[in-house]
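Breakdown of the fold
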Amino acid sequence: VDLATRRLLGCEALLRWDHPRFGAVPTPDFVRIAERTGLIWELGAWVLETATRQVADWRRRLGVPLVVSVNVSPRQLLHPLLGEVID
């Protein structure tokens, strides 16, 4: 938020997992599980796609140049297709 104008400038994409049996699973726990099982790439790609689609929709509807921040794991940073997914 721009404190001078009180306008929204951007947001951060946050992923949560509400397990039906165990309740809210802490983010570091399920990220660690995704990394160990090799699912971090698919999970991360889904988060990037979902977050960018959402911010694009907000940009169209609100008419403001919002940005979105997305955390990525070190394994995602090393993936050769990361640039394509972001693009």
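1. Considering the side chain of His19
- Looking at the secondary structure, you find His19 in strand β2 (residues 17-19).
- Side-chain polar atoms of His19 contact the backbone nitrogen of Phe22, separated by 3.1 Å.

2. Remarks on helix α2 (residues 40-62)
- When the terminal C-alpha atoms of α2 are compared, their 32 Å separation across 23 residues agrees well with the 33 Å that a helix rising 1.5 Å per residue should span.
- When α2 is considered as a whole, its buried residues turn out to be Ile40, Trp41, Gly44, Ala45, Val47, Leu48, Ala51 and Val55.
- Among the residues trailing α2, Gly63 stands out with phi positive, at a value near 70 degrees.

3. What to know about the environment of Ile40
- Along the chain, the position of Ile40 falls in helix α2.
- Using a relative accessible area of 8% as the deciding quantity, one classes Ile40 as buried.
- Between the alpha carbons of Ile40 and Ser73 there is a distance of 7.8 Å; along the sequence they are 33 residues apart.
- Beyond its immediate chain neighbours, meaning those up to four positions away, Ile40 contacts Val31, Ala34, Glu35, Ser73, Arg75 and Gln76.

Rules and cut-offs
- Residues numbered from 1 in each chain as written.
- Predicted model: local features only at pLDDT ≥ 70, side-chain atom pairs only at ≥ 80, totals over all residues.
- Heavy atoms only, no water.
- Helix = DSSP H or I, 4+ residues; strand = E, 2+ residues; numbered from the N terminus.
- Polar contact = N/O pair within 3.5 Å; in protein donor to acceptor, adjacent residues only side chain to side chain.
- Expected span 1.5 Å × (residues − 1).
- Buried < 20%, exposed > 50% of the residue type's maximum accessible area, 1.4 Å probe, protein only.
- Contact = heavy atoms within 4.5 Å.

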